[in-house]
Amino acid sequence: MTENGFVQIKNLVLEELKKLYVPQTVSLWLEPMKIVSVGKSSVTLSFPQYAKTFAEAQYGEVLREKFSAVLGAEMDIVVVSEEEVPELDMPEEKEVSAYKMRFSKDYTFENFVVGKSNQLAQSASLAVSQHPAELNNPLYLYGPSGLGKTHLLFAIVNKLRADHPEFNILYVTAEEFTTELIDSLAKKQPMIFREKYRTVDVLLVDDIQFISGKMAVQEEFFHTFDTLFKLNKQIIIASDCAPKDIGNLEDRLKSRFEMGLVADIQPPDMELRIAIFKRKAMDFGYNVPFEVLYYLAENITTNIRQIEGSLKKLKAHTLITGEQCNYAVARKVLTDFFEQAKSEESVIDRIFELADKRYGVTKEQLKSSKRNAEITVARHFCMYLIRHTTDLSQNSIAKLFNKKDHSTVINSIGFIERKMLNDPNFKRDIEHIIAELRS
Ligand code: ADP
Ligand code: MG
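Note that the structure is a prediction, hence the values are computed from the model and not measured.

Undergrad: What am I meant to see in the overall build of the chain here?
TA: The number of helices and strands found in the chain is 19 helices and eight strands. Scaling as 2.2 N^0.38, a compact globule of 439 residues should have a C-alpha radius of gyration of about 22 Å, and the chain matches this with 23 Å. In terms of its C-alpha atoms, the chain occupies a principal-axis envelope of roughly 60 × 60 × 45 Å. A total of 439 residues make up the chain; the buried ones form 48% of that total.

Undergrad: Which parts of the structure should I look at to understand the pairing of strand E7 (residues 234-239)?
TA: Both faces of the sheet carry side chains from a regular strand, because those side chains alternate between them. Along E7, six of the six residues are buried, which leaves the element largely enclosed by surrounding structure. Where burial is concerned, the two faces of E7 agree: the one with Gln234, Ile236 and Ala238 and the one with Ile235, Ile237 and Ser239 are both buried. Relative to E7, strand E4 (residues 139-142) is paired through four bridges, and the arrangement is parallel. Of the residues in E7, the one forming a bridge with Tyr140 is Ile237. With four bridges connecting them, strand E6 (residues 202-206) and E7 associate as parallel partners. Bridging across to E7, Val202 finds its partner in Gln234. Taken together, E6, helix H9 (residues 215-230) and E7 constitute a β-α-β crossover, and its handedness is right-handed.

Undergrad: What should I look at first to understand the pattern of salt bridges in this one?
TA: Throughout the structure, instances matching the rule amount to 26 salt bridges. Its salt-bridge partner being Lys187, residue Asp183 comes within 3.4 Å of it at the nearest N-O pair. A single salt-bridge network, built from bridges that share partners, covers Glu61, Arg64 and Glu74.

Undergrad: Could you clarify how one ought to interpret the side chain of Thr44 in this entry?
TA: Structurally, Thr44 is set in strand E2 (residues 42-47). Its relative accessible area of 16% is what places Thr44 among the buried residues. With near-sequence residues (within four places) excluded, Thr44 lies in contact with Lys34, Ile35, Val36, Ser37, Val78 and Val80.

Undergrad: Honestly, the environment of Tyr294 in this entry has me stumped. Any pointers?
TA: Along the chain, Tyr294 turns up in helix H12 (residues 290-299). Look at Tyr294 and you get partly exposed, because its relative accessible area is 37%. Between the alpha carbons of Tyr294 and Tyr327 there is a distance of 9.1 Å; along the sequence they are 33 residues apart. Look past the residues within four positions of Tyr294 in its chain and what remains in contact with it is Met270 and Ile274.

Undergrad: Sorry if this is basic, but what is going on with the site of ligand 1 here?
TA: Taken together, 18 residues form the shell around ligand 1, and within it Gly146, His151, Lys280, Arg305 and Glu308 come nearest. Here an oxygen atom of ligand 1 sits 2.8 Å away from a polar atom, N or O, in the side chain of Lys149. The contact in question runs from an oxygen atom of ligand 1 to an N or O atom on the side chain of Arg305, over 2.7 Å. Counting residues per element, the ones that place at least two in the shell around ligand 1 are helix H6 (149-163), helix H11 (270-283) and helix H13 (305-321). In terms of residue count, the dominant contributor to the shell around ligand 1 is H6 (three residues). By residue class, the composition of the shell around ligand 1 is seven nonpolar, seven polar and four charged.

Undergrad: What is the right way to read the packing of aromatic side chains from this model?
TA: Summed over all chains, the structure comprises 20 aromatic pairs. When the ring of Tyr295 is compared with that of Tyr327, the centres are 5.5 Å apart and the planes differ by 85°; the resulting orientation is edge-to-face. Taken together, the residues span a long stretch of sequence, with Tyr295 in helix H12 and Tyr327 in helix H14 (residues 327-359) at a distance of 32 residues. One aromatic cluster is present, built from ring pairs that chain together Tyr140, Tyr142, Phe177, Phe193, Tyr197, Phe221, Phe225, Phe229 and Phe257. Here the basic side chain of Arg252 rests over the ring of Phe222, its NZ or CZ set 3.8 Å away from the ring centre. The residue whose ring lies beneath Lys315 is Phe284, and the NZ or CZ to ring-centre distance is 5.0 Å.

Undergrad: I would appreciate a short explanation of the sheet that holds E7 in the present structure.
TA: What links the strands of a sheet is backbone hydrogen bonding, and the strands pair in either a parallel or an antiparallel sense. Within the open sheet, the five strands sit side by side as E5-E6-E7-E4-E8. Their pairing is parallel. Pairing within the sheet leaves two strands with one partner each, and these edge strands are strand E5 (169-173) and strand E8 (261-264). Each strand axis lies, on average, 15° off the axis of its neighbour in the sheet, ignoring direction. Packed on one face of the sheet, H9 meets E6 and E7 and runs near 140° to E7.

Undergrad: Got a minute to help me understand the state of the cysteines in this structure?
TA: Disulfides are covalent bonds that connect the sulfur atoms of two cysteines. The full count for this structure, using the stated rule, is zero disulfides. Between Cys241, a free cysteine, and Cys382, which holds the nearest cysteine sulfur, the sulfur-to-sulfur gap is 19 Å. For Cys382, a relative accessible area of 0% puts it in the buried group.

Undergrad: Explain the packing of helix H18 (residues 407-422) against helix H19 (residues 424-438) here, please?
TA: How two helices sit against one another is set out by the angle between their axes and by the gap between those axes. Close contact between H18 and H19 brings their axes to 5 Å; oriented N to C, the two are set at 125°. Looking at the two axes, H18 sits oblique to H19. Here Ile416, Lys419, Met420 and Asn422 of H18 come into contact with H19, specifically with Pro424, Phe426, Lys427 and Ile430. When the residues that make up the contact of H18 with H19 are grouped by side-chain class, the tally is five nonpolar, one polar and two charged.

Undergrad: Any chance you could explain H19 here in plain terms?
TA: Along an α-helix, a turn takes 3.6 residues, which lines up residues three or four apart on a common side. Over its 15 residues, H19 extends 21 Å from the first C-alpha to the last, a length consistent with the 21 Å expected when each residue adds 1.5 Å. Those residues of H19 that sit buried are Phe426, Ile430, Ile433, Ile434 and Leu437. For H19, the angular spread of the buried residues around the axis is 100°, confining them to a single face. Opposite its buried face, H19 presents the exposed residues Pro424, His432 and Glu436, each directed more than 90 degrees away. Turning to H19, the residues buried within the fold contact H14, helix H16 (373-389) and H18. Regarding H19, its N-cap is Asp423, as a side-chain oxygen of that residue lies 3.1 Å from the backbone nitrogen of Asn425 further along.

Cut-offs and rules
Residues numbered from 1 in each chain as written. Chains lettered and ligands numbered in written order. Predicted model: local features only at pLDDT ≥ 70, side-chain atom pairs only at ≥ 80, totals over all residues. Heavy atoms only, no water. Helix = DSSP H or I, 4+ residues; strand = E, 2+ residues; numbered from the N terminus. Rg over C-alpha atoms; globule rule 2.2 N^0.38 Å. Buried < 20%, exposed > 50% of the residue type's maximum accessible area, 1.4 Å probe, protein only. Pairing = 2+ DSSP bridges. Right-handed = clockwise from strand over helix to strand, strands pointing away. Salt bridge = Lys/Arg side-chain N within 4 Å of Asp/Glu carboxyl O. Contact = heavy atoms within 4.5 Å. Near = heavy atom within 4 Å. Polar contact = N/O pair within 3.5 Å; in protein donor to acceptor, adjacent residues only side chain to side chain. Nonpolar A, V, L, I, M, F, W, Y, C, P; charged D, E, K, R; others polar. Phe/Tyr/Trp six-rings, centres within 6.5 Å; stacked < 30°, edge-to-face > 60°. Lys NZ or Arg CZ within 6 Å of the ring centre and 35° of its normal. Axes fitted to C-alpha atoms, helices over the stretch in contact; angles between N-to-C directions. Disulfide = S-S within 2.5 Å. Parallel < 35°, antiparallel > 145°, perpendicular 65-115°, else oblique. Expected span 1.5 Å × (residues − 1). Arc of directions from axis to C-beta.

Right, here's the structure in full:
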């Protein structure tokens, strides 16, 4: 394979790693790696001397996982230091700090494919970007994960930036809003925070469900909202559920969220999925025949995000082997990917049901950041079971629960292991459950 092929593969892996780690980690430890060679069952990577030992110990496992996923085959990782391969010289990569920007620029109205299930959300978003603060204020978009809410938010940002360069536009996730607020309180500088949020022309807050149960954050957000609203500034909110379904949310916020236009996004039907996948393949610079698009659309039904993973996998495979992209190859490369995703989904759903039965804690509560005793124990229970019944890595499990890193998962596993040691009945229960889930 050409060095250009290596660069493409490395980039695909880096994209995955960027979903797991903060930019500093990626730029310090992971971006410096270079692919020396790709064999049938191993990938040799070189690292600068300073990073080699740490990267190998700390990220060896996740690199193995991600290279295997991207290349579509189980791959071992061999790590060497750069000095050992002096002849290797690869083009410089883009700065990580530009990553987020570049990423958001990819999301526009032009490349958002419209169908019945997302039409209202799309047209409302477009209207808001054409007439900010005139119609639909606030605009509240909601729907399950992976159906294009963030895409629409970025599309609004990109269009407004182009049409109104003078506007002060701020996009944040509710989590970032929360972190900044806590930071400003710790530094005793709430005014700087308020100044920032209350002087924008357009505020977009993604994944607002994150503030569920966080009363101090809700208080601050309420005042932010009210100030902007009175100044006739546009507010756009995205969430995984309708305002009334966000648990532990103050009524005054609920009623404000419902004041403008509330638009939902439903899962796409087959026709829309094919259209979206076609578009994605095109954006990806990858020529995918209809039979393959159809195969993808049949298998990816609930979360459009999976399309990117499968296209990348397919592209990497055809790049390496030189095989054509057709139905047979797609099936060969992706069957495992789909089957694994399906069976893991169903096991995980069953685990969530068990937690509900046993502890009376819902999936939403488990995925929230709430920490009362009941929820915490139920979360330990689920994480332990998922770790023992699926192939998900600790990091993927952490992500499933909206946690930043895998230390939470390690703690949870430790907690359950101790409890099993001290309580034979509990141990028996857990063993039964695992046997049942595996069967
Ligand atoms: P959400 O924020 O709802 O979880 P995202 O906006 O992150 O979902 O979308 C997940 C992926 O699916 C993104 O890559 C996005 O571009 C893509 N996507 C979803 N819906 C569409 C659509 N209608 N047209 C094009 N791409 C879409
Ligand atoms: Mg999103």
